[in-house]
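Working through the structure, step by step
The residues making up each chain are set out below.
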Amino acid sequence: MLDRLLALLVLAIVLGVPLGLIFLVTGQFLMDFVFFYPLFMSGLWIAGGLYFWLHWERHWPWQDDTLPPPLAGEPLISILIPCYNEGDNAADTIHAALAQHYPNIEVIAINDGSKDNTAAVLDALAAQDPRLRVLHLAENQGKAVALRMGAIAARSEYLVCIDGDALLAPNTAAYLVAPMLDNARLGAVTGNPRIRTRSTLIGRVQVGEFSSIIGLIKRTQRVFGRIFTVSGVIVAFRRTALNRVGYWSPDMITEDIDISWKLQLDHWSIFYEPRALCWILMPETLGGLWKQRLRWAQGGAEVLFKNIRGIWQYRHRYLWPLLFEYCLSTGWAFTFLLSVIFWGVGNFVEMPPAIAVHHLMPPAFTGLLLAVVCLVQFAVSIMIDRRYEKGLGRTMFWVVWYPLVFWFISLLTTLVSFPKVLFGQHQKRARWVSPDRGIKPLDDDEEEVIK
Amino acid sequence: MKIIRTRQRPFLVVLDVFFTVLAWIGLLYLLARGLWPLIDTHDGPRIDGSFFDALGTLQIYLWVALFNAVILIGWARYQQRKSKSFAQRRLPAPVVDDQGLSKSFKLTGDRLEKLRAPGSMTIHNDQEGDVSHVVTHFTPVDPSQLPPPLAPLEHPLVIRLPAEDDDNREPISHL
């Protein structure tokens, strides 16, 4: 009951603050916030990304023959791969994991009650390489439980977790674990996911998005010292840290956001390591993208709601800016919704001057400035990221769609997910199926090999 | 690493390219349309007050961005310095052992050992997601049942190959 009341309060704040400010100031304030907030954040991400690059990243050698830092004592690294209906991808994923240049690894594939031929594929692979162990879960339990089972079976203190369709670059495991050997209070290191699926416009725009938006945000958050979320598709954990926080929560729809907050609430640090490359499959249809982004937005809202009572303690003060930024972006989505509603209603009914929105589009100068800053952000991120992927500059051609399509999807998913989480029935176990992994290639389709 | 470019219908590819070019043209047009009033006056194109007004607005935005950047970087430097001194005072957390792991996952008996056995196994979970039953598919072999290791040879046969760079080496036909 208390949770429901709290949910109502949160929704009232999210809707009430912009509404109150409009009445307090003018309808123009609404549009100003809609315009200035992305501009403000874009400037911050560019600054954070550039500082990360200038201060650290550009000094790190990165050539074809560059070796990762040596791991003192050569500790065992356990690579955990939860798989659900990954019959088509599992073999490639396991082969890439076993092909790590670092010699002391074990790979644990967890077949999470798959209904396809994943079990047979994994068993056949296990028969070929003793470094691979396979755990079959009798029923589908969700990714969090699958990871928990993998953590029990793992023999190492360092757990590298990837998805069943992700391909590790040969040195990724070493890059992820190296910082944990040097920093005793480092609980997790998140890697650099790169998109493999580039058949449709949606796939190609995401290549730019993962560099520009996600890469720069991660770098900025690393500079700030707290990370909103690790990338669940490529992340390494210190087992001791996981053990202290009770491992992954089976009831959260995005286990990666949840575990990031659990670790940081327990004062573990999280690093971002851009050299830890992992090649991933992403949705290539609008429907698939919508499902994925809705799940992400829902995951963020779930974590906010889960922690909203405890996070105000002074000892968690370093996480307040992350929370504040999350609330602002949610508030931004609702403010945008309000401005559309007021503009729509204003076309038919005379609105009070205080809340009248005359133009939905920003003035030419401000709108263009926003678009130009967005493109500058893409250019900066590609300048930083091009060392990890040659020819990245070509994706600039497609990113012109990003502000239009992806911002709109982010806006809508926030609007849908927030009430869904606040008022929906909380599930005891979060199970989900990956929406799509790109357009299926035919045998004679073009596959470009990048080194 | 393989980048997947699944074959699309040529019509769709052309459509993608066409609309993207159109979007760029639209953006450049809007950019020109937004900038033109700043330099176009009744007496023809020239830089006047509105242009400097716009530059003034841009300058304010730039100062705000710089201020944000300085705060972010200042905070990062402060954190770095603080964490250096803090790390020396803070001991690493004790590493979790098998006993702690069994306790965390409510594992009893030899279940932990069983879960760490090589090969493959099936795990049955209860309603809470905890382990209720484990069936191993590859039976682990007891060390006492393993065959004894091979005994070393009393007079091992050693084949010595002449050095590659030794020009005076004898032909190896006698081997």
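As shown above, the structure is provided for reference.
1. Overview of the overall build of chain A
- For chain A, the count of helices and strands is 13 helices and 9 strands.
- In terms of its C-alpha atoms, chain A occupies a principal-axis envelope of roughly 75 × 50 × 45 Å.
- For chain A, the proportion of its 451 residues judged to be buried stands at 62%.
- Put simply, 83% of the contacts in chain A that link residues at least 6 apart link residues at least 24 apart.
- Carbon and sulfur atoms make up 64% of the accessible area of chain A, which totals about 17900 Å².
- Separation of charge centres in chain A, based on 40 positive and 39 negative side chains, amounts to 7 Å.

2. A closer look at the side chain of A:Lys262
Residues and elements named next belong to chain A.
- Here Lys 262 lies in helix α9 (residues 255–265).
- With a relative accessible area of 17%, Lys 262 lands in the buried category.
- Ignoring sequence-local partners within four residues, the contact set of Lys 262 consists of Val 245, Gly 246, Tyr 247, Trp 248, Ser 249 and Lys 306.

3. Thoughts on the interface of chain B and chain A
- Across the boundary between the two partners, chain B contributes 64 residues, which contact 78 residues of chain A.
- Of the roughly 6500 Å² buried between chain B and chain A on both sides combined, carbon and sulfur atoms contribute 63%.
- Taken together, chain B and chain A are joined by 1 salt bridge.
- One salt bridge in this structure joins B:Asp16 and A:Arg204, with 2.9 Å as the shortest N-O distance.
- Where chain B meets chain A, there are 20 residue pairs in polar contact (both at pLDDT 80 or more).
- Of all the secondary structure elements, the ones that give two or more residues to the side of chain B that touches chain A are β1 (2–5), α1 (10–39), α2 (49–89), α3 (98–104), α4 (111–115) and β4 (120–125) of chain B.
- Looking at which element gives the most residues to the side of chain B that touches chain A, the answer is α2(B), with 14 residues.

4. Re the state of the cysteines
Residue and element names in this part refer to chain A.
- Per the counting criterion, the structure on display carries 0 disulfides over all chains.
- Cys 161 carries a free sulfur, and the closest cysteine sulfur to it, the one in Cys 278, is 11 Å from it.
- Assessed through its relative accessible area of 0%, Cys 278 is described here as buried.

5. Re a nonpolar patch on the surface
- Taken together, B:Phe11, B:Val13, B:Leu15, B:Val17, B:Phe18, B:Phe19, B:Val21, B:Leu22 and B:Ile25 make up a surface patch of nonpolar side chains, about 770 Å² in accessible area.
- Structurally, B:Leu15 is set in helix α1.

6. Things to note about the pairing of strand β6 (residues 186–195) of chain A
Residue and element names in this part refer to chain A.
- Among the 10 residues in β6, 10 count as buried, and that is most of the element.
- As paired elements, β6 and strand β8 (residues 269–280) share 8 bridges and run parallel to each other. Note on β8: the bridge partner recorded for Pro 193 is Cys 278.

7. So, the environment of B:Ile60
All names here are of chain B.
- When you line up the elements, Ile 60 lands in helix α2.
- According to the relative accessible area criterion, Ile 60 is exposed, its value standing at 54%.
- Measuring from C-alpha to C-alpha, the distance between Ile 60 and Leu 12 comes to 44 Å, with 48 residues separating the pair along the chain.

8. A short note on helix α6 (residues 172–182) of chain A
All names here are of chain A.
- When you tally the buried positions in α6, you get 9 out of 11 residues, the bulk of the element.
- Considered for burial, the residues of α6 that qualify are Thr 172, Ala 173, Ala 174, Tyr 175, Leu 176, Val 177, Ala 178, Pro 179 and Met 180.
- Buried residues along α6 sit in contact with β1 (77–83), β4 (158–162), β5 (167–168), β6, β7 (234–238) and β8.

9. Structural notes on the sheet that holds strand β3 (residues 132–137) of chain A
- Spatial ordering of the open sheet is given by β5(A)-β8(A)-β6(A)-β7(A)-β4(A)-β1(A)-β2(A)-β3(A)-β4(B)-β5(B), a layout of 10 strands whose pairing is mixed. A strand with exactly one partner marks an edge of an open sheet, and here the two such strands are β5 of chain A together with β5 (131–136) of chain B.
- Sheet analysis places β6(A) next to β7(A), joined by 3 bridges and oriented antiparallel. Across the sheet, A:Val189 pairs through a bridge with A:Ala236, a residue of β7(A).
- Strand contacts of helix α3 (residues 90–98) of chain A: β1, β2 (105–112), β3, β4 and β5 of chain A, with the helix running at about 160° to β2(A), the strand carrying the most contacts.
- Across the face of the sheet, helix α4 (residues 118–128) of chain A comes into contact with β1, β2 and β3 of chain A together with β4 of chain B while running at roughly 155° to β3(A).

10. Remarks on the pairing of β4(A)
All names here are of chain A.
- With 5 of 5 residues buried, β4 lies mostly within the body of the structure.
- Side chains Tyr 158, Val 160 and Ile 162 of β4 all project onto a buried face; the interleaved residues Leu 159 and Cys 161 project onto the opposite face, where all are buried too.
- As judged from the 4 bridges shared by β1 and β4, these two strands associate in the parallel manner. In the strand pairing of β4, Ile 77 is matched with Tyr 158.

11. Focus: α9(A)
All names here are of chain A.
- Extensive coverage of α9 is indicated by the burial of 11 of its 11 residues.
- Among the residues making up α9, those that are buried are Glu 255, Asp 256, Ile 257, Asp 258, Ile 259, Ser 260, Trp 261, Lys 262, Leu 263, Gln 264 and Leu 265.
- Backbone geometry just after α9 places His 267 at a positive phi near 70°.

12. Looking at the packing of aromatic side chains
- Tallied over the entire structure, the rule returns 23 aromatic pairs over all chains.
- Ring geometry for A:Phe224 against B:Trp75: centres 6.1 Å apart, planes inclined by 25°, an arrangement best described as stacked. With A:Phe224 in helix α7 (residues 201–224) and B:Trp75 in helix α2, the pair connects residues from two separate chains.
- On the basis of relative accessible area, A:Phe224 is assigned to the buried category, the value being 15%.
- Since its relative accessible area comes to 26%, B:Trp75 is described here as partly exposed.
- Directly above the ring of A:Phe271 sits A:Arg222, whose terminal nitrogen or CZ lies 3.7 Å from the centroid.

13. Here we look at the packing of α9(A) against helix α10 (residues 286–307) of chain A
Residue and element names in this part refer to chain A.
- Following both chains from N to C, one finds α9 and α10 inclined at 30°, their axes separated by 9 Å at the closest point. Accordingly, the angle class assigned to the pair α9 and α10 is roughly parallel. The two elements α9 and α10 cross, and the hand of that crossing is right-handed. From α9, Ile 257, Asp 258, Trp 261, Lys 262 and Leu 265 reach across to α10, where they touch Trp 296, Gly 299, Gly 300, Val 303, Lys 306 and Asn 307.
- For the contact of α9 with α10, the residue count by class is 5 nonpolar, 3 polar and 3 charged.

Conventions we followed
Residues numbered from 1 in each chain as written. Chains lettered and ligands numbered in written order. Predicted model: local features only at pLDDT ≥ 70, side-chain atom pairs only at ≥ 80, totals over all residues. Heavy atoms only, no water. Helix = DSSP H or I, 4+ residues; strand = E, 2+ residues; numbered from the N terminus. Buried < 20%, exposed > 50% of the residue type's maximum accessible area, 1.4 Å probe, protein only. Contact = heavy atoms within 4.5 Å. Areas by Shrake-Rupley, 256 points an atom, 1.4 Å probe, with all protein chains shown as cover. Lys, Arg positive; Asp, Glu negative; His and termini not counted. Charge placed at Lys NZ, Arg CZ, Asp CG, Glu CD. Buried area = accessible area lost by both parts, 1.4 Å probe. Salt bridge = Lys/Arg side-chain N within 4 Å of Asp/Glu carboxyl O. Polar contact = N/O pair within 3.5 Å; in protein donor to acceptor, adjacent residues only side chain to side chain. Disulfide = S-S within 2.5 Å. Patch = residues over 30% accessible without salt bridge, like charges linked within 9 Å, V, L, I, M, F, W, Y side chains within 5 Å. Pairing = 2+ DSSP bridges. Axes fitted to C-alpha atoms, helices over the stretch in contact; angles between N-to-C directions. Phe/Tyr/Trp six-rings, centres within 6.5 Å; stacked < 30°, edge-to-face > 60°. Lys NZ or Arg CZ within 6 Å of the ring centre and 35° of its normal. Parallel < 35°, antiparallel > 145°, perpendicular 65-115°, else oblique. Left-handed = near helix turned anticlockwise from the far one by under 90°. Nonpolar A, V, L, I, M, F, W, Y, C, P; charged D, E, K, R; others polar.

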